[in-house]
Amino acid sequence: MHIASIGIDLGKTNFHLVALGERSKVAVRKKFSRKQLLDYTANLQASLIALEACSGAYSIGTALRNQGHEVRLIPAHFLKP
């Protein structure tokens, strides 16, 4: 399975990951804790990951960049609930 891009919804304790495959179809939709998320993304090929720009996004974004992913922070007013 080839993952083109990943979107992560950040919460206080839980993170929701949605991975889009080829042709923008949902390939993976999972809920993780912080440690589970970092373990899961460490085993993925390097891909584009989008996060909502908030105070918690910078620390997790840095950890994802260290794993080799390209991380982009999106301002909240561009996101849909």
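The rules behind the values
Residues numbered from 1 in each chain as written. Predicted model: local features only at pLDDT ≥ 70, side-chain atom pairs only at ≥ 80, totals over all residues. Heavy atoms only, no water. Helix = DSSP H or I, 4+ residues; strand = E, 2+ residues; numbered from the N terminus. Polar contact = N/O pair within 3.5 Å; in protein donor to acceptor, adjacent residues only side chain to side chain. Contact = heavy atoms within 4.5 Å. Buried < 20%, exposed > 50% of the residue type's maximum accessible area, 1.4 Å probe, protein only. Arc of directions from axis to C-beta. 1 Å grid on protein atoms, 1.4 Å probe; cavity = no way out; pocket = protein on both sides within 12 Å on 5 of 7 lines; lining within 4 Å. Points joined across faces, edges and corners; volume = space filled by probe spheres on them. Salt bridge = Lys/Arg side-chain N within 4 Å of Asp/Glu carboxyl O.

Trainee: It is not clear to me how the side chain of His69 should be interpreted in this structure. Could you clarify?
Mentor: Of note, His69 is situated in the loop between α2 (57-66) and β5 (70-74). Within the structure, the side chain of His69 is placed 3.3 Å from the backbone nitrogen of Ser47, a separation counted as a polar contact. For His69, the residues in contact, after removing those within four places along its chain, are Thr41, Leu44, Gln45, Ala46, Ser47, Ile49 and Leu64.

Trainee: I tried to follow α2 on my own but got confused; where do I start?
Mentor: Structurally, the α-helix is built with 3.6 residues per turn, so residues lying three or four positions apart point the same way. Among all positions of α2, only Ala57, Ile60, Gly61 and Leu64 are buried. An end-on view of α2 places all buried positions within 105 degrees of arc, on one side of the element. Away from its buried face, by an angle of more than 90 degrees, α2 presents the exposed residues Tyr58 and Asn66. Gly68, located one to two residues past α2, shows a positive phi value of around 105 degrees.

Trainee: Looking at this structure, how should I read the layout of surface pockets?
Mentor: To locate leftover empty space, one rolls a probe as large as a water molecule over the atoms. Here the largest pocket is characterised by a volume of approximately 470 Å³. What lines the largest pocket is a set of 20 residues, and nearest its centre among them are Gly7, Ile8, Asp9, Ala50 and Leu79. Listed by contribution, the elements that provide at least two residues to the lining of the largest pocket are β1 (5-10), β2 (15-20), β3 (26-32), β4 (48-52) and β5. Among the elements that take part in the lining of the largest pocket, β1 stands out by supplying 5 residues, more than any other.

Trainee: What am I meant to see in the pattern of salt bridges here?
Mentor: Opposite charge on two side chains makes pairing possible when the charged atoms of those side chains draw close. Taken as a whole and judged by the stated rule, the model has 2 salt bridges. For the salt bridge of Lys35 with Asp39, the shortest nitrogen-to-oxygen distance reads 2.9 Å. Here Lys35 pairs with Asp39, and both are found in helix α1 (residues 34-42), just 4 residues apart, close to one helical turn. Arg72 serves as the salt-bridge partner of Glu70, at 2.8 Å between the closest nitrogen and oxygen.

Trainee: What's the story with the environment of Lys30 in this structure? I'm lost.
Mentor: Its location among the elements puts Lys30 in strand β3. With relative accessibility at 41%, the residue Lys30 sits in the partly exposed group. Excluding its chain neighbours within four sequence positions, the residues that come into contact with Lys30 are Phe15, His16, Leu17 and Tyr40.

Trainee: Whenever I open this one, α1 confuses me. Can you help?
Mentor: For α1, the complete set of buried residues consists of Leu37, Tyr40 and Thr41. In a view along the axis of α1, the buried residues occupy a sector of 90 degrees, so they form one face of it. The elements touched by buried residues of α1 are β1, β2, β3 and α2.

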